[in-house]
Amino acid sequence: MTVKRQIIRIDEEKCNGCGLCIPNCPEGALQIIDGKARLISDLFCDGLGACIGECPEGAISTEFREAQVYDEEKVMENIVRQGENVIKAHLRHLLDHGETGLLVQGIEYLKERDIDVPGEIIASLCPAAGKAVSRSVCPGSSTVEIIRDDDSEKRDGIRHSPSMLGHWPVQIKLVPSHASFLKGADLVIAADCVPFAFAGFHDRFLRGRVCLVGCPKLDDSGYYLEKLTEIFSDNEIRSIIVAYMEVPCCSGMVRLVERALAASGKDIPFEKQMIGIKGEEIS
């Protein structure tokens, strides 16, 4: 399967084959072939550009193009053969670039094969846990699907509506692009102030949908654009609702989703709903 995503580009005219980029690609995406650095497989290139800073000729850059989907499991197969230091370098690389979803996949790969997870990686991912949980994943990043009973319940004489959240995590940066709950999902992409302002968020937007939350002003919009494009491209999304606040900066979430849809080339039913700061729906 191919998607439009960030990936390495090598200018063959500038490349002198020095090989300085190779040690900084523990994923194994680069090799020197016929005197030039070559990208040997899209599957191995995460597009984060660790090799760029090591090229003295400026021959390496990144571009947004059609490429095979990056495969963390195939990368880990290659990584573990190279030993503990390469495992640590790869996981640190993902952590430093905020790729928490891929990092969790890599850690799970090691756990399933009874390979030690570097304690410093777990401590960085979830500082409160430290080395005591060096063989587990921080609960804040582990994907979970939740089965809900729709019936409200009565406590202390007050009827409470149940949560409609059917998965975890919800933050765009933490949700793996290939999480199982995204397959064939109806999405609600919410600016992170919306659930606080709109009292009926669960019943109106969350029931039966997968929720992705972020802030278009304070977070990295470039990262969100790439992440949403990959999610739309890979998961046969059925519909999208964007819920955002009436303040001007919040409309950036709508623009991000529109741009990601265009980049993905997918025709997905798309609805937007503005919420007022007093908590009302605005047409």
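Residues numbered from 1 in each chain as written. Predicted model: local features only at pLDDT ≥ 70, side-chain atom pairs only at ≥ 80, totals over all residues. Heavy atoms only, no water.

This part covers helix α8 (residues 252–264). Taking 1.5 Å of rise per residue, the 13 residues of α8 would be expected to cover 18 Å, and the 18 Å separating its terminal C-alpha atoms lies within 8% of that figure. The complete set of buried residues in α8 reads Gly252, Met253, Val254, Leu256, Val257, Ala260, Leu261, Ala263 and Ser264. Positioned one or two residues after α8, Gly265 has a phi angle of 75 degrees, which is positive. (Helix = DSSP H or I, 4+ residues; strand = E, 2+ residues; numbered from the N terminus. Expected span 1.5 Å × (residues − 1). Buried < 20%, exposed > 50% of the residue type's maximum accessible area, 1.4 Å probe, protein only.)

All right, on to the packing of aromatic side chains then. Summed over the entire model, instances satisfying the criterion amount to three aromatic pairs. For the pair Phe201 and Phe205, a centre-to-centre distance of 5.7 Å together with 45 degrees between the ring planes defines the contact as tilted. Of this pair, Phe201 and Phe205 both sit in helix α6 (residues 201–206), separated by four residues, roughly a single helical turn. Per residue, the accessibility class of Phe201 equals that of Phe205, and both read buried. Grouping aromatic residues by their ring pairs yields a cluster made of Phe198, Phe201 and Phe205. The ring of Tyr109 has Arg113 sitting right over it, with the charged end atom 3.6 Å from the ring centre. Here Lys173 stacks its cationic end above the ring of Tyr223, 5.9 Å away from the centre of that ring. (Phe/Tyr/Trp six-rings, centres within 6.5 Å; stacked < 30°, edge-to-face > 60°. Lys NZ or Arg CZ within 6 Å of the ring centre and 35° of its normal.)

Next up on the list: the nonpolar core. In this structure, Leu187, Ile189, Phe232 and Ile240 are the most contacted members of the largest nonpolar core, which totals 45 residues. The set of elements that each furnish at least two residues to this core consists of β9 (186–191), α6, β10 (210–214), α7 (221–234), β11 (239–245) and α8. In contact with Ile189, not counting residues within four places along its chain, are Ile172, Leu212, Leu228, Phe232, Ile240, Ile241, Val242, Ala243, Met253 and Val257. Listed in part, the 32 residues of the second largest apolar core include Leu30, Cys51, Ala59 and Ile79. (Core = buried A, V, L, I, M, F, W, Y, C linked by side-chain atoms within 4.5 Å. Contact = heavy atoms within 4.5 Å.)

The next point concerns the pairing of β9. By the criterion of burial, β9 is predominantly enclosed, with six of the six residues buried. Because side chains alternate across β9, one face comprises the buried residues Asp186, Val188 and Ala190, and the other comprises Leu187, Ile189 and Ala191, equally buried. Of the strand pairs in this sheet, β9 and β11 are connected by five bridges, and their pairing is parallel. Its bridge partner lying in β11, Leu187 is registered against Ile240. Taken together, the five bridges between β9 and β10 define a ladder with parallel strand orientation. When the sheet's bridge partners are listed, Leu187 is paired in β10 with Val210. (Pairing = 2+ DSSP bridges.)

With that settled, consider the pattern of salt bridges. According to the stated counting rule, one finds 11 salt bridges in the structure shown. Where Asp203 meets Arg207, a salt bridge forms, and the shortest distance between an N and an O atom there is 2.6 Å. In this structure Asp203 comes out as partly exposed when scored by relative accessible area, which is 43%. Among the residues examined, Arg207 registers a relative accessible area of 37% and is labelled partly exposed. Between Glu281 and Arg204 there is a salt bridge, with the nearest N and O atoms lying 3.2 Å from each other. Of this pair, Glu281 sits in strand β13 (residues 281–282) while Arg204 sits in helix α6; the two residues are 77 residues apart in sequence, bridging distant segments of the chain. (Salt bridge = Lys/Arg side-chain N within 4 Å of Asp/Glu carboxyl O.)

It is worth spelling out the sheet that holds strand β12 (residues 270–275) at this point. Reading across the sheet, the five strands line up as β10-β9-β11-β12-β13 and stay open at both edges, with mixed pairing between neighbours. Edge positions in the sheet fall to β10 and β13, since each has one partner strand and no second. In this sheet, β13 lies alongside β12 in antiparallel orientation, the contact comprising two bridges. Across the sheet, Met274 pairs through a bridge with Ile282, a residue of β13.

Here we come to unusual backbone geometry. The peptide bond linking Trp168 to Pro169 adopts the cis configuration, its omega dihedral lying at 0 degrees. A positive phi angle, close to 55 degrees, is found at Asp34, a residue other than glycine. Turning to its location among the elements, Asp34 is positioned in the loop between β2 (30–33) and β3 (36–39). Overall, Asp34 belongs to the exposed group, its relative accessible area being 73%.

Next up on the list: the confidence of the model for the protein. Across the protein, the average pLDDT comes to 84, with 85% of residues at or above 70. Residue range residues 128–136 is modelled with pLDDT below 50. Its contacts to residues more than four positions away, or to other chains, number 15 contacts. (pLDDT = per-residue confidence, 0-100.)

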